[in-house]
There are 2 protein chains.
Amino acid sequence: MNLDTLYSELTLKTDAKLVLLVLDGVGDIATGGPDSSTPLEAASTPNLDALTQNAAQGRMIPVAPGITPGSGPGHLGLFGYDPLEFQVGRGVIEALGLGLELKAGDIAARANFCTLNLDNSLEDRTFLRSVLYYQITRDFIPAPKANYVRLVINGESWGIYVNAQQFNKDFVKDFLTDADHHREGLPIPPVRPVNDRSAKAKKAAKLVQAFFKMALPVLSKSKPANGFLLRGIAHQPAIPGFEERYRLRPACIAVYPMYKGLAQLVGMKKIEGPQTIAEQFQRYLDEYHRYNYFFIHYKYSDMHGEDGDFEAKKKSIEELDSALPILLQKAPDVLAITGDHSTPCALKGHSWHPVPVLLTSAYSGSDKLDRFTETGANMGSLGVFESKFLIRLMQANARMFDKFGA
Amino acid sequence: MNLDTLYSELTLKTDAKLVLLVLDGVGDIATGGPDSSTPLEAASTPNLDALTQNAAQGRMIPVAPGITPGSGPGHLGLFGYDPLEFQVGRGVIEALGLGLELKAGDIAARANFCTLNLDNSLEDRTFLRSVLYYQITRDFIPAPKANYVRLVINGESWGIYVNAQQFNKDFVKDFLTDADHHREGLPIPPVRPVNDRSAKAKKAAKLVQAFFKMALPVLSKSKPANGFLLRGIAHQPAIPGFEERYRLRPACIAVYPMYKGLAQLVGMKKIEGPQTIAEQFQRYLDEYHRYNYFFIHYKYSDMHGEDGDFEAKKKSIEELDSALPILLQKAPDVLAITGDHSTPCALKGHSWHPVPVLLTSAYSGSDKLDRFTETGANMGSLGVFESKFLIRLMQANARMFDKFGA
C-alpha cells in the first residue's frame, strides 16, 4: 500500500495551528576539535532553549544519504513531497527565483547569454555575470496565439516560458534537450524532444525553435553577447495541492521570491509584505485566524553559510531567536523548527549533512535536551529520518491521524 | 531483491532460545519540563536496569512516522510482518478479541445491535453498550452446507463469520461494503462486492445477505435492539507461517484473547492457562525445551496508559520487573523487551511515538546505558528503526543468518 494513500485515508480535519519555521541552511558542522562549535551551538538562543524543555528533536535527511539538495528539493521535502518523485526542473526554479508567476502548463528554461561568431559557432559561453537586461514582449507572439513565448532577462538570471496548457506532467523532466552543447566551437544546437513519440514535446520543441528564430535577430547587434543558450527546459510539474493532500489551509510568509514560488507551486497562499523576521512573525499573528498551516522562511542562516561567514551566521540565528517571542504570542499547537538543508560555513554551500529539527506540541514529549543544536538533536527521540516525513509528524502531533487498524 | 527473500535465504537453523517480551503500550512521553519523567523512567526497575549492562537499545517505529497503530498492526510488526503488506481487517481483529478461532477462508465482521422502525428504517444505531447475548447456531445453515454462517454476540462486541475456504487474500480488505449507512433514517443497506468483477466477493455478498435474512427474524421481537449492522467485513488474511518464515518453533504466552489470536494468525502455538506475568514466566520455564521462540505478552502497561493513570502504569512496570527473575532462571539466548506501540498517559490512547526497545544476547553488545527508558533508548546503538526488523535483529543475535556475499 502506498504510504501517502494511507496517510490520506487516516487524515482527520483539524482546527489546530501548525507552523513550519525554516531557518534556511541552518545545519552546520563543527570542524575544529573538541571545543569547536557550530553556529547554532555558538549562538545565544534563550528562546529556542526554552522551547526544548518540551520538544522532541532529531535530524533529517533532505533527499538521501550524501545527497546535497538545492532549495527546490529541500523545500518540497519539508512540504511532504518526495523530492525524487516530484522533481522541479531548473528552468522552473530559476523562474520562481525571479518571482515569475508560473501557471499550469508553462515551461521555463535557464538562459545564458553567449557570443556567437560570424559562422554562428559559439565563441564564449561564460556570460553568466553579464548585467544585460532584455524582455521580449507579446509583440513576438507566434501563431497560434494561445502559445506565446516570452524571454525575461534580468540581472544574472533569465527565464523563458511558453504558455502551453496542453502540456502535462510527462514533460516535467528532460522533455527537451538543451539548446547548449555545453562547450565552445559549435553552433547552438536545436532543441529536440527526448521522447520522439511525444507529439506534445515535438510541439514544444517547435515553439522553442520559433522563439530562437525571433529572439536571435533582436540580440544580433549587441556586444559582447549576441546570442543565448537555453538549458534545463522544464515544465511546471503537476504537484498534488497541499490543502487537499493534508487537509490544511496553508500560507507562506517568506521574503525571497524563490521560496514564495516554491510554496505557490504546492498551492500555498503567498502573504506579501514583511521584510524582516520580526515583521514575518507579526504578520503570522495577524493572519493566525485565516490559515492553519504557516510556512515561515528565514533566509540569512543560509546566506551567511554560503559566504562561509561563521560570525554572521551565528548572529543571524541570534536575530531570529530574539524575534521568536513575537511568534509565541500566539503559540501554534505544533511548531517545527528546522532547515531545508545544511549550509556549513566550512563548505560555503549547501551540503548533505542531516539537518537538526525541533518539534514541539502538547504531545511531542520532551527529550529533556537543554538546547537545540546539531549534537543535541543527535540524541533526540525523532532519530534520523527523511525530511518528507516531517509534515506527517506535525500532523500526528496535531492529532490529525486516525488509528491504523484495530 | 525482496528483503524477506534475502533473510530467508540466509537463515540457518538454531537451537538458541529467543524471547520477545511485549509490554503493551509501554512507550510514553515526558511532558512537564526538564524534571518530568515517563512511567519507565519513574518506575523502580532493578532487574531491567541490570539487563542494560549488556544490552543494545533503540527506538522502533511501528508502521511509519506519525502513524498510530492498533494492536493488530502493532503486533504483526513485532512478528516481522510488514503491517502495510499484511493488513488484518477490523472484523477479524474483533473476532480474535473475542477468542474466536478463525480458520483459513473465514470472514468476520464487526456487528452492532440497532433498533429498526416498522418500515425497516434505522431508528437508533448506538447500542454499542448493550449486554445482549445471542448465538445463531448451525441450525441456520443455508445451502450449500459447506458455507455455514454464524453470529456470535457477546458483551460489547460481536462477530459473524462465514466459512468459505475458496476465498483468498484478495479479499483481505474492503472486499464487501458495510451493511451500515453509518447514520440513522435509512434501512440497512445490502452488502455489495467492492470489486464487481470478483465472483468470490459476489458469492460472499450473497452469503451475508442470506445471513441477514435468517438472523433478522430471530431478533425481530427483541427490545430495544431488533436488528444489527455489520461493518469491516474482512477475510482472514493469508499470512506466511511464522515457523517456516523464520525457522523458529514459536509459542505464545498471553492472557488476553486478542494477542493469542494475533499470535495464532501467524501460526504460533497458544499456551493457555497463566493469568499473571509471574505465571507466564513460570510457564515459559516449563515449556522452555519445547519451543525456541516465545512471545510473552503483558497487557497492563497499555491498559493504565489508556486510562491516563501514570501511577498505575508505573506500578505495572514495577510488577513486571519484580517477576523478571523468574524468566531469567533460564535466560534465553536472545531477549527483546519492547512494546507494540506507545500509549502515553497524556494521550490516553495508542500513539505514534517511537517505542523503546532493549535487546540483550551474548552478541548484542552493551550501549553502557544505566537504565531502559525512552530517553536512554534514544542514545542506543540500534537507532530508530521499523518494528518489523526487530525479529531480524533477534535472529542475527541468535547467529541465525549466514554471511551475505563473500
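Look above for the structure.
What this report covers is the structure whose coordinates are included nearby. None of these values were measured; they are calculated from a predicted model.

What counts as what
Residues numbered from 1 in each chain as written. Chains lettered and ligands numbered in written order. Predicted model: local features only at pLDDT ≥ 70, side-chain atom pairs only at ≥ 80, totals over all residues. Least-squares fit on C-alpha atoms with pLDDT ≥ 70 in both. Contact = placed C-beta atoms within 7 Å. Pairing = 2+ DSSP bridges. Helix = DSSP H or I, 4+ residues; strand = E, 2+ residues; numbered from the N terminus. Axes fitted to C-alpha atoms, helices over the stretch in contact; angles between N-to-C directions. Core = buried A, V, L, I, M, F, W, Y, C linked by C-beta atoms within 7 Å. Buried ≥ 20, exposed ≤ 12 C-beta atoms within 10 Å, placed from the backbone. Parallel < 35°, antiparallel > 145°, perpendicular 65-115°, else oblique. Left-handed = near helix turned anticlockwise from the far one by under 90°. Nonpolar A, V, L, I, M, F, W, Y, C, P; charged D, E, K, R; others polar.

## With respect to the relation of the copies chain B and chain A
A rotation about an axis combined with a shift along that same axis relates the two copies of the chain.
Phase 1: Take chain B, turn it by 126°, move it 0.0 Å along the axis, and it overlays chain A with an RMSD of 0.3 Å.
Phase 2: Little of the interface of chain B is mirrored in chain A: 8% of its interface residues are interface residues there too.

## What to know about the sheet that holds strand 11 (residues 293–298) of chain A
Residues and elements named next belong to chain A.
Phase 1: Strand order in the open sheet formed by eight strands is 10-9-11-1-12-13-2-14, with mixed pairing between adjacent strands. The two strands at the open ends of the sheet, each matched to only one other strand, are strand 10 (269–270) and strand 14 (383–386).
Phase 2: When strand 2 (residues 55–61) meets strand 13 (residues 355–361), the two strands line up antiparallel, connected through six bridges. Considered in strand 13, the bridge of Gly58 is made with Val357.
Phase 3: Of the strands in this sheet, strand 1 (18–23), strand 2, strand 12 (334–338) and strand 13 are in contact with helix 13 (residues 390–397), which crosses strand 12 at around 155°.

## Section: the nonpolar core
Phase 1: Ranked by size, the top nonpolar core spans 202 residues in total, and within it Val208 and Ala336 of chain A together with Val208 and Ala336 of chain B carry the most contacts.
Phase 2: By residue number, the principal contributor to this core is helix 6 (residues 199–219) of chain A, which donates eight residues.

## Here we look at helix 5 (residues 90–97) of chain A
All names here are of chain A.
Phase 1: A large share of helix 5 lies buried, amounting to seven of its eight residues.
Phase 2: For helix 5, the complete set of buried residues consists of Gly91, Val92, Ile93, Glu94, Ala95, Leu96 and Gly97.
Phase 3: Positive phi appears at Gly99, one or two residues downstream of helix 5, with a value of about 80°.

## Focus on the pairing of strand 2 (residues 55–61) of chain B
Residues and elements named next belong to chain B.
Phase 1: Counting buried residues in strand 2 gives seven out of seven residues, a clear majority hidden from the surface.
Phase 2: On strand 2, burial covers both faces: Ala55, Gln57, Arg59 and Ile61 on one face and Ala56, Gly58 and Met60 on the other are all buried.
Phase 3: Looking at chain direction, strand 2 and strand 14 (residues 383–386) are connected through four bridges and run parallel. Residue Gly58 lies in a different strand from strand 14, and its bridge partner there is Gly383.

## Considering the packing of helix 4 (residues 71–78) of chain A against helix 8 (residues 257–265) of chain A
Residue and element names in this part refer to chain A.
Phase 1: Across the interface, helix 4 lies against helix 8 with an axial gap of 10 Å and an inter-helix angle of 45°. When the interaxial angle is binned, helix 4 and helix 8 end up oblique. Every pair of crossing elements has a handedness; the one defined by helix 4 and helix 8 is right-handed. Residues Ser71, Gly72 and His75 of helix 4 form the contact with helix 8, whose participating residues are Met258, Tyr259 and Leu262.
Phase 2: Of the residues assigned to the contact of helix 4 with helix 8, the class counts are three nonpolar, three polar and no charged.

## Concerning the interface of chain B and chain A
It is common to give the size of an interface as the accessible area lost on bringing the parts into contact.
Phase 1: On the side of chain A, 26 residues touch chain B, which itself brings 36 residues to the contact.
Phase 2: Of all the elements in the fold, those that place two or more residues in the side of chain B that touches chain A are helix 4 (71–78), helix 5 (90–97), helix 12 (374–377) and strand 14 of chain B.
Phase 3: Tallying contributions element by element places helix 5 of chain B first for the side of chain B that touches chain A, with three residues.
Phase 4: For the side of chain B that touches chain A, a count of residues per class yields 19 nonpolar, 13 polar and four charged.

## Things to note about the environment of Ile271 of chain A
All names here are of chain A.
Phase 1: Here Ile271 shows up in the loop between strand 10 and helix 9 (277–287).
Phase 2: Using a count of 22 C-beta atoms within 10 Å as the deciding quantity, one classes Ile271 as buried.
Phase 3: Separated by 16 residues in the primary sequence, Ile271 and Glu287 have C-alpha atoms spaced 9.0 Å apart.
Phase 4: When sequence neighbours within four positions are dropped, the list of residues in contact with Ile271 reads Ala251, Cys252, Ile253, Arg283 and Glu287.

## Things to note about the pairing of strand 3 (residues 107–116) of chain A
Residues and elements named next belong to chain A.
Phase 1: Of all ten residues in strand 3, eight are buried; the element is thus mostly enclosed.
Phase 2: Bridge analysis of strand 3 against strand 8 (residues 227–235) gives seven bridges, and the strand direction is antiparallel. Looking at the pairing, Ala108 lines up with Ala234 of strand 8.
Phase 3: Where strand 3 lies against strand 4 (residues 122–124), two bridges are found, and the strand directions are antiparallel. Residue Thr115 lies in a different strand from strand 4, and its bridge partner there is Asp124.
Phase 4: In this antiparallel pair of consecutive strands, strand 3 and strand 4, the connection spans five residues, and Asn120 shows a positive phi of 75°.

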